[in-house]
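# Observations on chain architecture
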Amino acid sequence: WAKAKLIASATVSSPGFPIYKCVFSPLDASVAVVIGKECVKFFRIGDKEMRPLHENIIHGENFTSCTWMRTPDDHMLVGTEEGKIMLFRSGELLSTLGCSPGPDYPITSILAISGGFCVGSANGTILFFTYDESKDQVLFDNQFAWVNTVAASDLASGNITAMAICPRDERLCCVTSDAQLLSLPAVSTNSIAVENVKYTVASFHGPK
C-alpha cells in the first residue's frame, strides 16, 4: 500500500493450505516471502503486480516461522512444526540443518541474533544456535551448532510465539501464548540459564 492506494496483490493461499506469515527482505524491500502449510513462496513486488520468484512446495511440512539471517544476509531460516530448521538462499532450499531440534521442540518462532539465531518452542522453551561462517560448508552442518536450551516452564507454559531483541543485542524479549512477557540477557547465549529469565513487567497477564 502507498498513499492509501493498493500497489499490488496476489493470492498466496489455497483451501486447506493456510499462510501464517509474510516478511520482507532486509536487503530488498520489493522481495516478500510467505510461509505456511507445505509452502515457502518468494515474490517480487512491482508497480502493479506481485510476481512469483520461487515457490517451494514441500509436502508434509508445516512451516511456522522464519527469519532472515544477519550474515549472510541473503539467507533465510525457516522453522517447522516438526522441529526442522531449513536454510534458503535467494529463494531456493539449500539444506535442512543437522542441528535441528526435532519433533520434541516444535518451532513456534525464530529470530536472527548476533552470531546466530534463537528458536522459540513449547513450554516457554528457547533454543540458541551459533553460526560460524569461517568453518567449511558440509551441508552447512559444520557452520551451525545448537549451543543452549533454556526452559522457563515455571514462568510460562505456552509457546514462545514471538521474539524481539534490543538494538544493542543485549536483551531478548519473548511473548508467549499464555499471555506472558519474558525477557533475558542475550550477550553470551551459550551461558544463559533459566535463572536469567524474568517477567518483563510482572506475571499479571491472565489468560485471553
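Described in the following lines is the structure provided in the data block.

Rules used throughout
- Residues numbered from 1 in each chain as written.
- Predicted model: local features only at pLDDT ≥ 70, side-chain atom pairs only at ≥ 80, totals over all residues.
- Heavy atoms only, no water.
- Core = buried A, V, L, I, M, F, W, Y, C linked by side-chain atoms within 4.5 Å.
- Buried < 20%, exposed > 50% of the residue type's maximum accessible area, 1.4 Å probe, protein only.
- Helix = DSSP H or I, 4+ residues; strand = E, 2+ residues; numbered from the N terminus.
- Contact = heavy atoms within 4.5 Å.
- Pairing = 2+ DSSP bridges.
- Axes fitted to C-alpha atoms, helices over the stretch in contact; angles between N-to-C directions.

Okay, the nonpolar core next. One finds Cys118, Ile126, Phe128, Met163, Leu172, Cys174 and Leu184 to be the most contacted residues of the largest nonpolar core, which totals 18 residues. Breaking this core down by element, the ones donating at least two residues are strand E7 (109-113), strand E9 (125-131), strand E11 (160-165), strand E12 (171-176) and strand E13 (181-185). Among the elements that take part in this core, E11 stands out by supplying three residues, more than any other. Every residue in contact with Phe128, bar those within four places of it in the chain, is listed here: Ile113, Phe117, Cys118, Ala145, Trp146, Val147, Asn148, Val150, Leu172, Leu184, Thr189 and Ile192. Listed in part, the 15 residues of the second largest apolar core include Leu77, Phe117, Leu127 and Phe144.

Take the sheet that holds strand E14 (residues 198-199) next. The strand order E11-E12-E13-E14 describes an open sheet built from four strands, whose pairing is antiparallel. Single-partner strands in this sheet number two, and they are E11 and E14. Sheet analysis places E11 next to E12, joined by five bridges and oriented antiparallel. Along E12, the bridge assignment pairs Ala162 with Val175.

It is worth spelling out unusual backbone geometry at this point. Pro72 follows Thr71 through a cis peptide bond whose omega is -10°. Along the chain, Pro72 turns up in the loop between strand E3 (50-68) and strand E4 (75-80). One non-glycine residue, Ser90, adopts positive backbone phi at about 50°. Topologically, Ser90 is positioned in the loop between strand E5 (85-89) and strand E6 (92-96). Phi angles above zero are rare outside glycine, and Asn123 is one such case at about 55°. Its place among the elements puts Asn123 in the loop between strand E8 (116-120) and E9.

Glancing now at the sheet that holds strand E10 (residues 144-151). Pairing within the open sheet is antiparallel, and its four strands lie in the order E7-E8-E9-E10. With one partner strand each, in any of the chains shown, E7 and E10 form the two edges of the open sheet. Averaged over all pairs of adjacent strands, the angle between strand axes in this sheet comes to 20°, irrespective of strand direction. As paired strands, E7 and E8 are joined by five bridges and run antiparallel to one another.

With respect to the element layout, Ser65 can be found in strand E3. Its relative accessible area of 1% is what places Ser65 among the buried residues. Among residues more than four places away in sequence, those in contact with Ser65 are Lys21, Ile35, Leu77, Val78, Gly79, Ile107, Thr108, Ser109 and Ile110.

By the bridge criterion, eight bridges tie strand E2 (residues 31-45) to E3 in an arrangement that is antiparallel. Each residue of the ladder has a partner; that of Phe43, found in E3, is Pro52. Following E2, the chain reverses through four residues before pairing antiparallel with E3. Judged from the five bridges that link them, E3 and E4 form a sheet pairing that is antiparallel. When the sheet's bridge partners are listed, Phe63 is paired in E4 with Thr80. Between E3 and E4, which pair antiparallel one after the other, the connecting turn spans six residues.

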